[in-house]
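Inside the fold
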Amino acid sequence: MRILVTGASGWIGSASVKELISAGHEVLGLARSDDSAARIRALGAQVVRGSLDDPASLRAAAAQADGVVHLGYNHDFSQMAAAAQTDRAAIEAFADVLQGTGGPLLIASGTLGLAPGRVGTEADMPSAGVHPRIANAAYTLGLAERGIRSMVVRFAPTVHGAGGDHGFVAVLARVAREKGVSGYIGEGRNRWPAVNRLDAGRLVQLAIDRAPPASVLHAVAEEGIATQDIAQALGEFMSLPVESIPAERAQAHFDWLGMFFGADAPASSAHTRALLGWEPVHETLLADITAGHYPGQ
């Protein structure tokens, strides 16, 4: 198939592009800038110019493809509502093109906030109040009724690996370096799921090839790592003391990450593995920290 990928030059997108090409697909990567275009070409994909905030360009790009992998998103937490609106308009643009074709439309979502206090599964549906993006996932699943092989991949909040992760763990490492202490919140027993970016890319490829319409899939390799263990690994690598941060001081210490890092958010991928035959094989989060991929600089 010819697959359009948004976010193709990004952290998860670049791994997904490589997997799709290896599986025999022709990939078109959406690029807004010259820099993104160059990175997409280096991956072996073709470049299509466009922007997530320009639905006309998205329709034109999707018209050149048999399916869409939509991984691009604005993760600015100060503009969550606006980002979700832009995302919805993009999904609607892709749906207009793919309607009735049976082609795949894969969008990204997350497992954080799915089932507080217990292990979340693919069958769980979070309330719309968790994040304005949740409604877009529900809308996408409903597109199966319009002849689109729609699917939602919920990624673990930490998609880790070598080569430039700027996500939650990178922020934790930076905060530890700045504060002189590697911290966790309270007792640090709350669990944090994770997946290696290379395993995540493989899942995207398998989903495009095998997932049935209206599928919910979990890109989760490790159901839940105790946050104290994450802090301990960072502290040992950076030779910093490891300390508990009281919950009332979490936001002051961790900045915006404080509202998330204290959550107990384990998630399972048992259904996804059985459905697609996906088995994560790459390094674990703690192994990546120990290997020095999060120096906190």
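Residues numbered from 1 in each chain as written. Predicted model: local features only at pLDDT ≥ 70, side-chain atom pairs only at ≥ 80, totals over all residues. Heavy atoms only, no water.

**Let's talk about the overall build of the chain**
Within the chain, the regular secondary structure consists of twelve helices and twelve strands. For 297 residues, the compact-globule formula gives about 19 Å, and the C-alpha radius of gyration of the chain, at 19 Å, lands near that figure. With respect to the three principal axes, the spread of C-alpha positions in the chain is 55 × 40 × 35 Å. Counting the 297 residues in the chain, one finds 51% classified as buried. Across the chain, the fraction of contacts at a sequence separation of at least 24, relative to all contacts at a separation of at least 6, is 80%. For the chain, the accessible area works out to roughly 12,300 Å², and carbon and sulfur atoms hold 50% of it. Side chains of the chain give 23 positive and 30 negative charges; the mean places of these two sets differ by 3 Å. (Helix = DSSP H or I, 4+ residues; strand = E, 2+ residues; numbered from the N terminus. Rg over C-alpha atoms; globule rule 2.2 N^0.38 Å. Buried < 20%, exposed > 50% of the residue type's maximum accessible area, 1.4 Å probe, protein only. Contact = heavy atoms within 4.5 Å. Areas by Shrake-Rupley, 256 points an atom, 1.4 Å probe, with all protein chains shown as cover. Lys, Arg positive; Asp, Glu negative; His and termini not counted. Charge placed at Lys NZ, Arg CZ, Asp CG, Glu CD.)

**What to know about the sheet that holds strand S3 (residues 46-49)**
On the basis of which strands lie adjacent, the open sheet formed by seven strands has the order S3-S2-S1-S4-S5-S6-S10 and parallel pairing. The two strands at the open ends of the sheet, each matched to only one other strand, are S3 and strand S10 (215-219). Recorded for the sheet is a direction-independent mean angle of 25° between the axes of neighbouring strands. Alignment of strand S5 (residues 104-110) against strand S6 (residues 149-155), held across seven bridges, turns out to be parallel. From the neighbouring strand, Leu106 faces S6, where its bridge partner is Met151. Contacting strand S2 (26-31) and S3, helix H2 (residues 34-42) crosses the sheet at an angle of about 155° to S3. (Pairing = 2+ DSSP bridges. Axes fitted to C-alpha atoms, helices over the stretch in contact; angles between N-to-C directions.)

**A look at unusual backbone geometry**
In terms of backbone geometry, most residues other than glycine have negative phi values and most peptide bonds are trans. Phi is positive for Ala214, close to 65°, though the residue is something other than glycine. Within the fold, Ala214 resides in the loop between helix H7 (197-210) and S10. A relative accessible area of 39% places Ala214 in the partly exposed class. Unusually for a residue other than glycine, Ser239 sits at a positive phi of about 55°. Along the chain, the position of Ser239 falls in the loop between helix H8 (227-238) and strand S12 (242-245). In this structure Ser239 comes out as exposed when scored by relative accessible area, which is 65%.

**Let's talk about helix H1 (residues 11-22)**
Taking 1.5 Å per residue, twelve residues should reach 16 Å; H1 reaches 18 Å between its end C-alpha atoms and fits that length. If you check which residues of H1 are buried, you get Ile12, Gly13, Ser14, Ala15, Ser16, Val17 and Leu20. On its buried face, H1 sits against strand S1 (2-6), S2, strand S4 (67-70), S6, strand S7 (158-160) and H7. Positive backbone phi, approximately 100°, marks Gly24, located one or two places after H1. (Expected span 1.5 Å × (residues − 1).)

**A closer look at the sheet that holds S7**
Taken together, the three strands give an open sheet; going across it, the order is S7-S9-S11, and neighbouring strands pair in mixed fashion. The open sheet has two edge strands with one neighbour each: S7 and strand S11 (222-226). Put simply, the sheet's adjacent strands are angled 45° from each other on average, direction ignored. Here strand S9 (residues 191-196) pairs with S11 via three bridges, running antiparallel. Residue Arg191 lies in a different strand from S11, and its bridge partner there is Ala226. In this fold H8 packs onto S9 and S11, with an angle of close to 70° to the strand it touches most, S11.

**Regarding the packing of aromatic side chains**
A full pass over the atoms with the stated rule returns six aromatic pairs. On the basis of an interplanar angle of 20° and a centroid distance of 5.8 Å, the ring pair of Phe168 and Phe260 is categorised as stacked. Placement of the pair is Phe168 in helix H6 (residues 168-179) and Phe260 in helix H10 (residues 258-261), with a sequence separation of 92 residues. Here Phe168 falls in the buried class, since its relative accessible area comes to 13%. Grouping aromatic residues by their ring pairs yields a cluster made of Phe168, Trp192, Phe254, Trp256, Phe260 and Phe261. The ring of Tyr139 carries the charged tip of Arg88 above its face, separated from the ring centre by 4.0 Å. Positioned above the aromatic ring of Trp11, the side-chain terminus of Arg197 is 4.5 Å from the ring centre. (Phe/Tyr/Trp six-rings, centres within 6.5 Å; stacked < 30°, edge-to-face > 60°. Lys NZ or Arg CZ within 6 Å of the ring centre and 35° of its normal.)

**Let's talk about the pairing of S4**
Looking along a regular strand, one sees side chains alternate from face to face of the sheet. Burial along S4 is two-sided: Gly67 and Val69 and Val68 and His70, pointing in opposite directions, are all buried. Strand direction decides the pairing type here: S1 and S4, joined by four bridges, are parallel. Within S4, the residue paired with Val5 across the bridge is Val69. Sheet topology places S4 next to S5; three bridges connect them, and they run parallel. From the neighbouring strand, Val69 faces S5, where its bridge partner is Leu106.

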